[in-house]
Amino acid sequence: MNTPTATSEEPGRIAYYTMEIGIQNDLHTYSGGLGVLAGDTIRSFADLGVEGVCVTPLNEEGYCKQTLEEDGSQISDADPWPVEEYAEPLDVEVTVEIYGRDVRVTAWRYDVVSEQSGETVPVIFLDTDVEGNDDDARRYTKRLYAPGHGDDFTLAQELVLGVGGTRILDELGYDVDTYHMNEGHAAFLTAELLARNDMDEAAVREQCVFTTHTPVEAGHDEFDWGLVEEMVTDPVAPDDLRPFSHDAGLNMSLLALNLSSYANSVAKKHQEVSQNMFPKFEIDAITNGVHVPHWIGDAFGDLYDEHITGWRSNPYKFKHATVLPSEGLWDAHQAQKRETIEFINEREGSDLDPETLTIGFARRAAPYKRANLIFYNNDRLRHIAENVGDIQLVFAGKAFPGDENGEQKIRDIFHNAWQLNDVIETQYVEDYDMEVGAKLTEGVDVWLNNPRRPLEACGTSGMKAAYNGIPQLGTLDGWWVEGHIEGETGWKIGPDPEESTPDQTTDEEETRQDAMALYNQLENEVIPTYYDDRERWIKMMRQTIAFNGPYYHTRRMVREYLLDAYTN
Ligand SMILES: *Cc1c(COP(=O)(O)O)cnc(C)c1O
């Protein structure tokens, strides 16, 4: 252990707890949008000089290194990162009781420094790989979401985050005003606060805020009371937690909601869904964003520098994007597109062509995201490519290790791509991460997003695309309900949000309708506009930036948290 870096004066008034965080590509401590959002949030904390600190598990074996076999079968390996190169060990140790035994927790520090303000926000990584811990305990903070393990392991990971994290902050001298739970994983921090406040729930509530990201009931972590009784003996007795959940089990979202003074969802549509799921609670909406300029490619960065003064520190200025000249827009786009295609071709040995309309799709291979929707009817897709205009497809995304359904989606894409390879060049980019995500959202022509409604809480990859002038083609779900203007910022797939709910249509029928709607848009709007009306296409690029640029950034989002959540 090295020298301590924290003093009793350490700021950290807002403590942001998250199970995953995407700070930079070499730190494999994220699996998807939840983590990338956390990273962008902390970056904006630093830009805005928010006195904050982030708490998260070390996850030194990462999430999942994806290798794809010839048929698209995913091989999932651990994905370690060199902790010592990036983080500094802290001379601090606390214990958390799990199964009645003491588990030691120590920590590492990584500083997020703002290029704009020079301010720093520390990320405190929790580590249980400590001498004196048994083998199981040493693995609690090893691998994100612990694939292959059961609920007991998840519960242990969440105790380390919530209880261990709070004790570590205390030990380091952070003076926390507000505890922000980014998703229910961190809700055990309320147990620690209950114990500290003599079970005064009102006092705990005053200090806590909660953000939910999960629009499906089954997606919220819930532990059997039997398991809770076995494992949780400290800082409060399991019975003390019962009033804050329900009989079926310890539901981490209910625990968080019951002990927070403020709760929010992550998009307007998601608010409706969450409010229906938790009718007893008031749930606000703060729509997610992405960190500007992190997700903007070089050519667009230069273009904006020339025409939109001050956009880097103040993305509200994208309102002025209406002045962007057509030629400059197109040249910047083509430059980034060439770079993206070169990146993919080099990495994958593919033969993508920079003059062909390129459709990009990259996100976790979770079944509800329906990565294979475009292949619903290969005859129709073939007909479109042969008769309306050339397209090529680029995919990326990992299935959760061991998730058969997600893995099947990837194999399905490989299979269909192979069947169509005489007319459509398709490339699946292996091992989706923040770098691949950035490259794809900087340099394809259209961003495709077709989750099953209303299962996408928000989605942020389409926002990254928008900042690079790339229109989205998507089902009206998550942020797209807010960001979509038909024929201006992109195109919709399927009905408006109020026109259909999953209760009224079967999965199968809705997927069939959405596929038909997708084909109609490709055939009648997207492809003809791209090849035959370039002026209109460029106008859509400009509208995308001018309409969505001023809003979908984490500077706006963090300000909303400051005004609406952290002041409660
Ligand atoms: C932006 C990003 C995401 C989030 O994408 P969604 O649109 O929310 O699915 C996930 N993973 C990576 C690597 C990203 O960069």
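Residues numbered from 1 in each chain as written. Predicted model: local features only at pLDDT ≥ 70, side-chain atom pairs only at ≥ 80, totals over all residues. Heavy atoms only, no water.

Within an unreviewed UniProt entry, the label attached to the protein reads Glycogen phosphorylase, and the organism entered is Halorhabdus tiamatea SARL4B. Check the Sequence similarities (unreviewed entry) section of the UniProt entry for the protein; it says "Belongs to the glycogen phosphorylase family." (UniProt positions renumbered as here; feature names shortened; annotations may be inferred.)

**Q** Is there a simple way to explain the overall build of the protein in this structure?
**A** When helices and strands are tallied, the protein shows 20 helices and 19 strands. Relative to the globule expectation of 24 Å for 568 residues, the C-alpha radius of gyration of the protein, 23 Å, shows essentially globular dimensions. With respect to the principal axes defined by its C-alpha atoms, the protein has extents near 70 × 50 × 45 Å. For the protein, the proportion of its 568 residues judged to be buried stands at 62%. Counting only contacts in the protein whose residues sit at least 6 apart along the sequence, the fraction spanning at least 24 positions is 73%. When the accessible surface of the protein is split by element, carbon and sulfur atoms take 43% of a total near 21100 Å². (Helix = DSSP H or I, 4+ residues; strand = E, 2+ residues; numbered from the N terminus. Rg over C-alpha atoms; globule rule 2.2 N^0.38 Å. Buried < 20%, exposed > 50% of the residue type's maximum accessible area, 1.4 Å probe, protein only. Contact = heavy atoms within 4.5 Å. Areas by Shrake-Rupley, 256 points an atom, 1.4 Å probe, with all protein chains shown as cover.)

**Q** Help me understand the sheet that holds strand β13 (residues 284–285), please; the structure alone is not making it clear to me.
**A** Strand-to-strand pairing in sheets goes through backbone hydrogen bonds, with the strands running parallel or antiparallel. Pairing in this open sheet of nine strands is mixed, and the strands run β5-β6-β7-β2-β1-β8-β9-β12-β13 from one edge to the other. One side of each edge strand has no neighbouring strand; the edge strands of this open sheet are β5 (88–98) and β13. In this sheet, strand β12 (residues 262–265) lies alongside strand β9 (residues 208–211) in parallel orientation, the contact comprising three bridges. Considered in β12, the bridge of phenylalanine 210 is made with alanine 263. (Pairing = 2+ DSSP bridges.)

**Q** Hey, could you run me through the site of the ligand in this one?
**A** What surrounds the ligand is a group of 13 residues, the closest being Lys369, Gly459, Thr460, Ser461 and Lys464. A distance of 3.1 Å separates an oxygen atom of the ligand from a polar backbone atom of threonine 460. The contact in question runs from an oxygen atom of the ligand to an N or O atom on the side chain of serine 461, over 2.5 Å. About the coverage of the ligand: the protein hides 96% of its 390 Å² of free accessible area. Its residues assigned to classes, the shell around the ligand comprises four nonpolar, five polar and four charged. (Near = heavy atom within 4 Å. Polar contact = N/O pair within 3.5 Å; in protein donor to acceptor, adjacent residues only side chain to side chain. Nonpolar A, V, L, I, M, F, W, Y, C, P; charged D, E, K, R; others polar.)

**Q** Where do I start with the packing of helix α18 (residues 507–532) against helix α19 (residues 534–548) in this structure?
**A** Packed helix pairs are characterised by how far apart their axes lie and by the angle those axes make with each other. Between α18 and α19, the shortest axis-to-axis distance is 6 Å and the interhelical angle comes to 110°. Classified by the angle their axes make, α18 and α19 are roughly perpendicular. Together, Glu525, Val526, Thr529, Tyr530, Tyr531 and Asp532 of α18 and Arg534, Arg536 and Trp537 of α19 make up the contact between the two elements. For the contact of α18 with α19, the per-class residue count stands at four nonpolar, one polar and four charged. (Axes fitted to C-alpha atoms, helices over the stretch in contact; angles between N-to-C directions. Parallel < 35°, antiparallel > 145°, perpendicular 65-115°, else oblique.)

**Q** Any chance you could explain the side chain of glutamate 482 here in plain terms?
**A** Turning to its location among the elements, glutamate 482 is positioned in helix α17 (residues 480–483). Within the local environment of glutamate 482, its side chain forms a polar contact with the backbone nitrogen of lysine 268, the two atoms lying 2.9 Å apart. Once you skip the residues sitting within four places of it in the chain, glutamate 482 turns out to touch Ala267, Lys268, Lys269, Thr287, Phe547, Tyr551 and Tyr552.

**Q** What is the right way to look at a negative patch on the surface in this model?
**A** Where like charges cluster on the molecular surface, the negative patch consists of Asp135, Asp136, Asp151, Asp152, Asp224 and Glu230. For aspartate 136, the position within the fold is in helix α3 (residues 135–138). (Patch = residues over 30% accessible without salt bridge, like charges linked within 9 Å, V, L, I, M, F, W, Y side chains within 5 Å. Salt bridge = Lys/Arg side-chain N within 4 Å of Asp/Glu carboxyl O. Lys, Arg positive; Asp, Glu negative; His and termini not counted. Charge placed at Lys NZ, Arg CZ, Asp CG, Glu CD.)

**Q** I keep staring at the state of the cysteines and nothing clicks. Help me out?
**A** By definition, a disulfide links the sulfur atoms of two cysteine residues through a covalent bond. For the coordinates displayed, the defined rule picks out zero disulfides. With no disulfide of its own, cysteine 208 lies 16 Å from the sulfur of cysteine 54, the closest cysteine sulfur. (Disulfide = S-S within 2.5 Å.)

**Q** Whenever I open this one, α19 confuses me. Can you help?
**A** The α-helix advances 3.6 residues per turn, and as a result positions three or four apart in sequence lie on the same side. Along its 15 residues, α19 runs 21 Å from first to last C-alpha, staying within 8% of the 21 Å computed at 1.5 Å per residue. All buried positions along α19 are accounted for by Trp537, Ile538, Met540, Met541, Arg542, Thr544, Ile545, Ala546 and Asn548. (Expected span 1.5 Å × (residues − 1).)

**Q** Explain the sheet that holds strand β16 (residues 425–429) here, please?
**A** In space, the six strands of this open sheet follow the order β16-β15-β14-β17-β18-β19, with parallel pairing throughout. Since the sheet does not close on itself, it has two edges, and those belong to β16 and β19 (490–493), each with one partner. Each neighbouring strand pair of the sheet contributes to a mean axis angle of 20°, computed without reference to strand direction. Relative to β19, strand β18 (residues 472–475) is paired through four bridges, and the arrangement is parallel.

**Q** Honestly, the side chain of histidine 220 in this entry has me stumped. Any pointers?
**A** With respect to the secondary-structure elements, histidine 220 resides in the loop between β9 and β10 (222–223). Owing to a relative accessible area of 6%, histidine 220 belongs among the buried residues under this scheme. For histidine 220, the side chain forms a polar contact with the side chain of serine 253, separated by 2.5 Å. Discounting residues that sit within four places of it in the chain, histidine 220 has contacts with Thr212, Thr214, Asn251, Ser253, Met277 and Phe278.

**Q** What exactly am I supposed to notice about the confidence of the model for the protein here?
**A** If pLDDT is low for a region, its predicted coordinates should not be looked at in detail. Per-residue pLDDT for the protein averages 95, and the proportion of residues at 70 or more is 97%. Overall, residues 1–9 carries pLDDT values under 50, and its contacts beyond four positions in sequence, including any with other chains, amount to 16 contacts. (pLDDT = per-residue confidence, 0-100.)

**Q** So what exactly am I meant to see when it comes to the pattern of salt bridges here?
**A** Between side chains of opposite charge, a pair can form when the charged atoms approach closely. Within this structure, the stated rule accounts for 36 salt bridges. Glutamate 339 serves as the salt-bridge partner of lysine 439, at 3.9 Å between the closest nitrogen and oxygen. One end of the pair, lysine 439, is in helix α15 (residues 434–443); the other, glutamate 339, is in helix α12 (residues 326–348), and 100 residues separate them in sequence. Since its relative accessible area comes to 18%, lysine 439 is described here as buried.

**Q** Mind showing me how you'd approach unusual backbone geometry here?
**A** Excluding glycine, a negative phi dihedral is what most residues carry, and trans is how most peptide bonds are arranged. Of the consecutive residues aspartate 234 and proline 235, the connecting peptide bond is found in the cis state with omega at 5°. With respect to the secondary-structure elements, proline 235 resides in the loop between α7 (225–231) and α8 (238–241). Of note, the amide linkage connecting arginine 453 to proline 454 takes the cis form, showing an omega dihedral of -10°. Of note in the backbone geometry, tyrosine 99 takes a positive phi value of approximately 55° without being a glycine. Position of tyrosine 99 relative to the elements: it lies in the loop between β5 and β6 (101–113).

**Q** Explain the pairing of strand β7 (residues 120–127) to me, please; I cannot follow it from the model alone.
**A** Regular strands show a simple pattern: their side chains alternate between the two faces of the sheet. A large share of β7 lies buried, amounting to seven of its eight residues. Across eight bridges, β6 lies against β7 in antiparallel orientation. Across the sheet, arginine 109 pairs through a bridge with isoleucine 124, a residue of β7.

**Q** Before we go on, may I ask you to explain the packing of α12 against α19 in this structure?
**A** For the pair α12 and α19, interaxial distance at closest approach is 10 Å and the crossing angle is 85°. Classified by the angle between their axes, α12 and α19 sit roughly perpendicular to one another. Of the residues in α19, those in contact with Ser326, Leu329, Trp330 and His333 of α12 are Arg534, Glu535, Trp537, Ile538, Met541, Arg542 and Ile545. Within the contact of α12 with α19, the residues separate by chemical class into six nonpolar, two polar and three charged.

**Q** Would you explain the domain arrangement of the protein in this entry?
**A** By a widespread convention, an interface's size corresponds to the accessible area lost as its parts come together. Segmentation of the protein into domains returns domain 1 (14–63 + 76–286) and domain 2 (299–552). Taken together, the contacts link 24 residues of domain 1 with 23 residues of domain 2. Our enumeration of links across domain 1 and domain 2 arrives at zero salt bridges. Along the contact surface separating domain 1 from domain 2 lie six residue pairs in polar contact (both at pLDDT 80 or more). When residues of the side of domain 1 that touches domain 2 are traced back to their parent elements, those giving at least two are α1 (33–48) and α10 (268–277). Residue contributions to the side of domain 1 that touches domain 2 peak at four residues, all from α10. Taken together, the residues of the side of domain 1 that touches domain 2 break down into 11 nonpolar, nine polar and four charged. (Domains from an automatic or database assignment.)

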